[in-house]
Amino acid sequence: MTIVNGYAQQNIIVTTKNTALTFTVDADKSLIASYLGKKLENENEYPIIPNLDKYKPGSDDLFNKHEAYVASGSLNLLEPALSVTHANGNKSTVLTFSSVKQDKLDNNRTLTTIALEDGQYKFKVVLKYLSYFNEDVIEQWTEYVHQQKKAVTLNKYASANITIPGNAFFLKNHYSAGLREMRSEEQQLLHGIKTIDSKLGTRANLLNSSSFMLSVNQPATEDKGEVIAGSLAWSGNFRLDFENFDEYYLRITAGINNFSSNYTLKPGETFTTPSFIYTYSSNGKGQASRNLQNWARHYKLANGRGERSTLLNNWETTYFDFDEDKLKELTMDTKKLGVDVFLLDDGWFGNKYPRNGSTSGLGDWDYNKKKLKNGISSIGQEATKNGVKFGIWIEPEMVNPKSELYENHPDWIIRQPGRKEYYMRNQLVLDLTNPKVQDFIFQIIENIYKQVPDLAFIKWDCNSLIYNAHSTTLKNQDHFYIEYVRGLNNILKKVKAKHPNTPMMLCAGGGSRVDYNALESFTEFWPSDNTNPFDRIFIQWEYSYYFPAIAMDNHVTDMGKQSLKFKTDVAMMGKLGYDIRVKEMDAAELKFTQNAIKQYDSFKNIIWHGQQYRLQDPYHHKIASIAYVNPNQEEAIVFNYYMATTSATNVNLPIRLKGLSSHKKYRIEEINLYPGAKSPISSDQIYSGNFLMEVGFNPEVSAKRSSVVLRIKQI
Ligand code: DGJ
């Protein structure tokens, strides 16, 4: 309690290393969001902030309290976070502060729990703020419970509200399509509401990403400006509302999309929203990204602090056309290249309706007896014999109409009774709201393990979104979209509990499902089926705003006309993999690749666990440049790519490095050279970190040296 202007004020302060999020309780007991920004030097000054807000009730203007969590039906007439139809049909909710508690979970994490209630309706809202001190990240979610005589309906139930003051607001959001993931646009948010959402069900990010950056006052650059980076941890329909109001305020409302999803909540039952994860940076987008990346590696991503396996995948080299002999050869090629895992992709199953193309077999998970006479177990054994590991592709949420599963379990399929079926990639989605379907999917994985006990990798694909959303068994169809994600989560949790050490790749026909709910179970994701390295620089660049490199699977493939070196360098900025015909490589290509994998092994920890600095963007520069610096600033790997599409001169300015230590001395060496190539860069010169960060270094990238990788090492 503080006394400000003679009034006893309850203040709640959530802090991280550099950020503060504060609340006050006003005279009506409303919980007011008073501040989100840079931590103040003097904690005693936070209580002054709410009194700078001069809006008063009773004037001719809209009286708009800046409540921390906005409910609808009474005072608030803007976009709400919460809309409830109470048991008696009343649609108003007024939340007042009831209690606060702060629990220090460990040296880094504090959980702030703020309970609000609507006394008239015995409806309780619990706001949870889990703050991560070192990462400057806040994970926020909300719980509801009530004691009314009958069920209430939740009409809108967002995870979080954030109200920010400012002169102008700029939203960087991402729009996608298959092969064109994570294109980015940045726009000033003028008055009204901008909504970014998904109603697609499964491939929720096919059109829009549920991650964004919001700059305050002016568009933040990499290193300057105030920015909030946010990401909703939900693998289904989501909704992000940005409402610009009262000239100087923006309110973000982030949560599950309430589209077609009025949720019935029984008395005593608790509804928990997914987490909205956000970070505030006063040093631009680069810092905001590093905060999220550090947080993800430490707290969310499956095995975020661990290792990853490099691999050879057969998808782009064989598609559906393979047999046992071909696969056995591929396990040998895996060894020859020097990667860890051979990953068998689509096409290994289905007998009555063999999976020889995308039109049949999906759902019938017995290995195809014609293609694989001795089953997948023999491919697993062959891999072991050749000193590599074996991984497998599945797409367990889906079914082709041409399959035994479709014939035998029509009730397990999502579709509308009496209506035409619509397909995406010739398939329908299974009804994961049904526990029997959840068991079926879990058993698919168990059966694979029975055949291949040392299965070392799973690629989990998901190629269709949900048309005709309807479950034959779910009592309340309004719960469909939510129960689907819960069903998916049940399966993923069971799989993780049973096989905690198996790395899993999250794939949805490319990157249509990338979020921090799924990434709790998946060690990595497939950003796009577009592996053209030129396009890929942009795709990886944009994902890196929210997700760490260790989570990004990048493969060297035939796609794109760039050199093998260019392709390899691009794929190294994440988890390196291959989808190439090893047999068709000439001696120099093979030698280069084998060496590249060895080189990668020597610095992959810096890419996976270091700090990422986007030095020069590929949109406005002839050279794109990205650096990864190890935690104690002793070593950095810098990737530089020639991006010019018109003939450009070779004159380029030095590129300023970031993240090094000013006082340390470094030597620079060009690595990953193609056999026979000579580098113009001498590693004799010694530079101070200060010099490299203030003046920079010219990697001498040109049309002829289109990709240059530098290793910077402290001497
Ligand atoms: C879509 C994925 O994105 C590809 O990598 C591949 O696994 C195919 N599905 C297989 O059908």
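Residues numbered from 1 in each chain as written. Predicted model: local features only at pLDDT ≥ 70, side-chain atom pairs only at ≥ 80, totals over all residues. Heavy atoms only, no water.

Looking at the nonpolar core
Trp348, Phe390 and Phe639 are the most contacted members of the largest nonpolar core, which totals 120 residues. The element contributing the most residues to this core is helix H10 (residues 587–609), with nine residues. By size, the runner-up hydrophobic cluster in this structure holds 57 residues, among which are Val125, Tyr144, Leu154 and Trp234. (Core = buried A, V, L, I, M, F, W, Y, C linked by side-chain atoms within 4.5 Å. Buried < 20%, exposed > 50% of the residue type's maximum accessible area, 1.4 Å probe, protein only. Helix = DSSP H or I, 4+ residues; strand = E, 2+ residues; numbered from the N terminus.)

As for the domain arrangement of the chain
It is common to report an interface's size as the accessible area lost on association of the parts. Domain assignment breaks the chain into domain 1 (2–300), domain 2 (311–397 + 451–469 + 502–611) and domain 3 (613–714). Here the C-alpha centroids of domain 1 and domain 3 sit 40 Å apart. Facing the seven residues of domain 1 at the interface are four residues of domain 3. Taking both partners together, domain 1 and domain 3 bury about 440 Å²; carbon and sulfur atoms supply 31% of that area. In terms of surface lost to domain 3, no three residues of domain 1 exceed Glu222, Asp223 and Arg290, which account for 72% of the buried area on that side. Counting the contacts that link domain 1 with domain 3 gives two salt bridges. At the junction of domain 1 and domain 3, the tally comes to three residue pairs in polar contact (both at pLDDT 80 or more). (Domains from an automatic or database assignment. Contact = heavy atoms within 4.5 Å. Buried area = accessible area lost by both parts, 1.4 Å probe. Salt bridge = Lys/Arg side-chain N within 4 Å of Asp/Glu carboxyl O. Polar contact = N/O pair within 3.5 Å; in protein donor to acceptor, adjacent residues only side chain to side chain.)

A look at the site of the ligand
Residues in close proximity to the ligand total 13 residues, the closest being Asp345, Asp346, Lys459, Asp461 and Asp529. For the ligand, an oxygen atom lies 2.8 Å from a polar atom in the side chain of aspartate 345. Each residue belonging to the shell around the ligand can be placed in one class, and the counts come to four nonpolar, three polar and six charged. (Near = heavy atom within 4 Å. Nonpolar A, V, L, I, M, F, W, Y, C, P; charged D, E, K, R; others polar.)

Re the packing of aromatic side chains
Inspection of the entire model under this criterion finds 42 aromatic pairs. Arranged with centres 5.3 Å apart and planes meeting at 75°, the rings of phenylalanine 480 and tyrosine 481 form a pair that is edge-to-face. Classification of phenylalanine 480 by relative accessible area gives buried; the value is 2%. Given a relative accessible area of 12%, tyrosine 481 falls into the buried group. Each residue in the set Tyr132, Trp295, Tyr299, Tyr516, Phe525, Tyr543, Tyr545, Tyr546 and Phe547 is aromatic and connected to the rest through ring pairs, giving one cluster. (Phe/Tyr/Trp six-rings, centres within 6.5 Å; stacked < 30°, edge-to-face > 60°.)

Things to note about the pattern of salt bridges
If you walk through the whole model with that rule in mind, you get 37 salt bridges. One salt bridge in this structure joins lysine 285 and glutamate 186, with 2.8 Å as the shortest N-O distance. Of the two residues, lysine 285 sits in helix H1 (residues 284–300) while glutamate 186 sits in strand E13 (residues 183–188), which places them 99 residues apart along the sequence. Between aspartate 197 and lysine 199 there is a salt bridge whose closest N-O contact spans 2.9 Å.

Some details on the environment of alanine 624
Structurally, the position occupied by alanine 624 is in strand E33 (residues 623–629). The exposure class assigned to alanine 624 is buried, which follows from its relative accessible area of 0%. Along the primary structure alanine 624 and glycine 306 are separated by 318 residues, whereas in three dimensions their C-alpha atoms are 29 Å apart. Discounting residues that sit within four places of it in the chain, alanine 624 has contacts with Ile537, Gln616, Asp617, Pro618, Phe639, Asn640, Tyr641 and Met643.

Regarding the side chain of asparagine 257
Position of asparagine 257 relative to the elements: it lies in the loop between strand E18 (249–256) and strand E19 (263–265). Within the local environment of asparagine 257, its side chain forms a polar contact with the side chain of aspartate 197, the two groups lying 3.1 Å apart. The contacts of asparagine 257, once residues within four sequence positions are left out, are Tyr157, Asp197, Ser198, Lys199, Asn237, Phe238 and Arg239.

Thoughts on the sheet that holds strand E5 (residues 82–85)
Here we have three strands laid out as an open sheet, ordered E5-E10-E19, and antiparallel in their pairing. Unpaired on one side and paired on the other, E5 and E19 mark the two borders of the sheet. Adjacent strand axes in the sheet meet at a mean angle of 30° when their direction is disregarded. Relative to E19, strand E10 (residues 152–157) runs antiparallel, the two sharing three bridges. Bridge pairing in E19 links leucine 154 to tyrosine 263. (Pairing = 2+ DSSP bridges. Axes fitted to C-alpha atoms, helices over the stretch in contact; angles between N-to-C directions.)

Some details on the sheet that holds strand E17 (residues 238–245)
The four strands are arranged E11-E18-E17-E14 in an open sheet whose pairing can be described as antiparallel. Only two strands of the sheet have a single neighbouring strand rather than two, namely strand E11 (160–165) and strand E14 (192–197). Pairwise comparison of adjacent strand axes, ignoring direction, gives a mean angle of 15° for this sheet. Taken together, the eight bridges between E17 and E18 define a ladder with antiparallel strand orientation. Its bridge partner lying in E18, leucine 240 is registered against alanine 254.

Some details on the pairing of strand E3 (residues 19–25)
In terms of residue burial, E3 counts as a mostly covered element, since seven of its seven residues are buried. Every second residue of E3 is oriented toward a common face, with Thr19, Leu21, Phe23 and Val25 on one face and Ala20, Thr22 and Thr24 on the other, all of them buried. Sheet topology note: the E3/strand E4 (residues 31–38) ladder contains seven bridges and is antiparallel. When the bridges of E4 are listed, alanine 20 appears paired with glycine 37. Between E3 and E4, which follow one another and run antiparallel, lie five residues, and lysine 29 among them has a positive phi close to 70°.

Some words on the pairing of strand E34 (residues 635–642)
Of all eight residues in E34, eight are buried, a share of seventy percent or more. The side-chain alternation of E34 yields two buried faces, one formed by Glu635, Ile637, Phe639 and Tyr641 and the other by Ala636, Val638, Asn640 and Tyr642. As paired elements, E33 and E34 share seven bridges and run antiparallel to each other. Paired with isoleucine 626 across the two strands is phenylalanine 639, which belongs to E34. Between E33 and E34, which pair antiparallel and follow one another directly, the connecting turn spans five residues, one of which, glutamine 633, has a positive phi of 60°. With seven bridges joining them, E34 and strand E37 (residues 707–714) adopt antiparallel strand pairing. Within E37, the residue paired with phenylalanine 639 across the bridge is valine 709.

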